[in-house]
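Residues per chain, in single letters:
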Amino acid sequence: MKKAVSTILIIVFLLLTLNSCGEIEIVELNERLIIEAIGIDKENGKYNVTIEGLDSFTAGTDSSNISGEQLTKCYLFEGETIGMAMNSISVITGQIPLFSQARILIIGKDTAKNYLSEALDFFRREYTTRTDILIAVADGKASDIVSADFGKNVSAGKILEAALSSYKYTGISVYIPIYKFLNNAMNESDAAYCPLITVKDNEYTKKKEIEILGTAVIGKNSDTMLSPEQTQALTIINNDSENGDMTIDTTKGKCTLEIIDSSSRIKTEIINEKAVFDIKTKIKCDIPEFQSETFSGLTKSDTEKIAQIAAKQLTNIISATITEFYINKNFDIFNFDRRINLKDSIFYSKHLEKGGNFNSLSVFNISVEVSVRRIGKVILEKE
Amino acid sequence: MNRLGKISTFQMFAVLLLSRIIALFTFMLPSTSYLPSGDRIITVIPVIIIELVFTAIVIFSLKNCGNKNIISAASDISSVLGKAVSVAYALCFIWFAGIAVSRFELFISTVMFPNSELYLMTVILLSAAFYASLKGPEAIGRASTILSVLLGLSIIFILISVTDEFEFTNLKPILTQGLTPILRFSFYISTRTVELITILVIAPIIKGNIKRMTASWVVFFGALTMVILFVLAGVTGEYGDDQIFPLYTLTVIAKFGIFERLDDILTGLWVLCAFIQVSFLIFLSYFSLKQSYKKAKKIPVSFICTSGVFAVYLTTSQTVTSFSEIIGSFAQDILFIVLISVLPLLITAINFIRKRKSA
């Protein structure tokens, strides 16, 4: 009996699986529009969705690969909602969109400023989009970036992803997947931030190239922008990046410091109805370049002096960034409000109910410690 | 009874772990979003306490039944009562298995085959579960042991992979809304732990110390849940609060070197977990009926139970997302409490009185 049941079940499985029958539709690869980058703009009450998709109709044919005309194609779809615009993809391309491979989502600056929650709801809710797709704001229209000509067989999605990944080495841009952006945007007191990018002409190749202008900050009612230098302060405070470069002027010459390691600790205390933040940053640097007039070397006291100047410079940048964005403009990109809430939720709730902002109640003690680890291939000179 | 095979406490632990983990983490109930993440994490503590109380009741009832399960104990009082109790437990297992299949279908049709209704896949899953249930608890237990090792390693790997994304500022303070919502939610979670009810029925075929196994399972699973919820809150913050498949969301974020699609690996394991859970519940529904209906044939009765699971799935699959809101929590709470405490304690009390009278 058992053998009979087993045999029947095996036959049923084989019949079902080998015939691929049933309601699971098999979609061939060339029936898919593999999306690399998505751009969103809202104009005249309608969403314009620009899609860069792999040209899978030519893929796998003789004209495919690097000999093909273009690796990717750009499409523009329009709709009252993003979902409606996305639905028209199949109508126009004859292919089923595959969002899970999309690398980057770009939102036009005006759209991000005025319709952020509308524009992002599709990506928060729709099953097929990835949780970790990168997000950036375009300085202008998103369509200009997604449809830019970066060169033959170059995918805008890949180029953009690579450009944003440079944060690891430069420290002057941020790297924000959509879940992090939404986490900030959905919080009651926070401001969401992501890279602000544009495209410019490369005068040698005559093609377009990406430029990261800094960081776009989208608040509940307003927006602002951080310069690359301010972005570096942001990434240092938030421990978002460990690397980067900085230049300092000394009496003996100009010095470039390469940040090897950076870590910040923020201690929060509530003292006399004030939130006191002790920000302690430790940075380890190398000196890859020291420009002097006479090839003069560096002594131990020189490196100590350089470290002191660098620490002072960074303290000033961090202090100025906090003052401008948190205290003056009330954009909590550093998560100070969340720290207050974690430290003393009663104090936090009391002030939030009053509709008060925490920026006026906050005091900052900033200290930066810079240590020079290496001075390059040149030996340390005697004092 | 021996023809059905025995299951060791270790294997039973693995079966319960897999069943619970898929029930809790592949479908976060809508009500959870009303609790801040900090409160959600500490909810685990009252859940453990409530479940340990239920465990104590289960163990107390089993101890007073001798080497029998609760259905046999009811049959000792009256064969009609025995039959009624066996049907009640069988229906309970069929119900929970049906809900599990509905949730599994929702999960698969969301992350693997979006926007599809997967009757065929469900039929295949149920056919496989039906076949596995015929093999008995030992086979299910052995498969669970291997699978729980794989799943455990995957979860550890994923948790380690996302440590870089962890930010303390994403956490929320606890008890900001008082104790009431936490206790209410703890009760809500605890009264859906069908795994504890299974102990009342399967006890006679478990080899080893049931009390230690059940208590350690409750504590271990609670601790594991706490760690997962803590990491989820620290990594995703507000975004994670309204995710219907929280552990899956975490796996999407997890990256390890060139391995960027850890979610795909785990999706395969979820399928196997669902298979274990449904097989185990189908077996138990047959086993419950077998206790009172001695002539019940294994294959036809198991087939009827599997059909029952499919019927529950068909009824609930269209509204599974909002199901707990539709039928109301109260009815399910009462049903659970009756099956895990009222009925066993009543049967134990009657048996105790009868013994004293006869003595």
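Note that the coordinates shown come from a computational prediction; the quantities given were computed from them, not determined experimentally.

Colleague: Is there a simple way to think about the environment of A:Gly94 in this case?
Modeller: All names here are of chain A. Within the element layout of this structure, Gly94 appears in the loop between helix 2 (82-93) and strand 4 (96-98). Residue Gly94 is classed as exposed on the basis of its relative accessible area of 56%. For the pair formed by Gly94 and Leu33, sequence separation is 61 residues and the distance between their alpha carbons is 8.7 Å.

Colleague: When you look at the interface of chain A and chain B in this model, what are you seeing that I'm missing?
Modeller: On the side of chain B, 37 residues touch chain A, which itself brings 32 residues to the contact. Of the roughly 3100 Å² buried at the junction of chain A and chain B (both faces included), carbon and sulfur atoms supply 61%. Our count for the contact surface shared by chain A and chain B stands at one salt bridge. Between B:Glu165 and A:Lys180 there is a salt bridge, and its shortest N-O distance comes to 3.0 Å. Sorting the residues of the side of chain A that touches chain B by element identifies helix 1 (2-19), helix 7 (178-186) and helix 10 (336-343) of chain A as the ones contributing at least two each. In the side of chain A that touches chain B, the residues fall into 12 nonpolar, 11 polar and nine charged.

Colleague: Sorry, what's going on with the side chain of A:Asn48 here?
Modeller: All names here are of chain A. Considering the arrangement of structural elements, one finds Asn48 in strand 2 (residues 46-54). In this structure the side chain of Asn48 is engaged in a polar contact, spanning 3.0 Å, whose partner is the side chain of Glu43. Dropping the residues within four chain positions of it, Asn48 is found in contact with Gly39, Ile40, Asp41, Glu43, Leu76, Phe77 and Glu78.

Colleague: Help me understand the pairing of strand 12 (residues 274-291) of chain A, please; the structure alone is not making it clear to me.
Modeller: Sheet faces and side chains relate simply in a regular strand, where the side chains alternate between the two faces. All names here are of chain A. For strand 11 (residues 254-271) and strand 12, the ladder comprises 16 bridges, and the chain directions are antiparallel. Residue Asp261 lies in a different strand from strand 12, and its bridge partner there is Lys284. In this structure, the hairpin formed by strand 11 and strand 12 is closed by a connection of two residues, where Asn272 is found at a positive phi of approximately 50°. Inspection of the sheet shows strand 12 paired to strand 13 (residues 362-374) by 12 bridges, in the parallel sense. In the sheet register, Cys285 faces strand 13, and the bridge partner there is Val372.

Analysis parameters
Residues numbered from 1 in each chain as written. Chains lettered and ligands numbered in written order. Predicted model: local features only at pLDDT ≥ 70, side-chain atom pairs only at ≥ 80, totals over all residues. Heavy atoms only, no water. Helix = DSSP H or I, 4+ residues; strand = E, 2+ residues; numbered from the N terminus. Buried < 20%, exposed > 50% of the residue type's maximum accessible area, 1.4 Å probe, protein only. Contact = heavy atoms within 4.5 Å. Buried area = accessible area lost by both parts, 1.4 Å probe. Salt bridge = Lys/Arg side-chain N within 4 Å of Asp/Glu carboxyl O. Nonpolar A, V, L, I, M, F, W, Y, C, P; charged D, E, K, R; others polar. Polar contact = N/O pair within 3.5 Å; in protein donor to acceptor, adjacent residues only side chain to side chain. Pairing = 2+ DSSP bridges.

Honestly, that's just the spatial picture; any functional story needs more than this.
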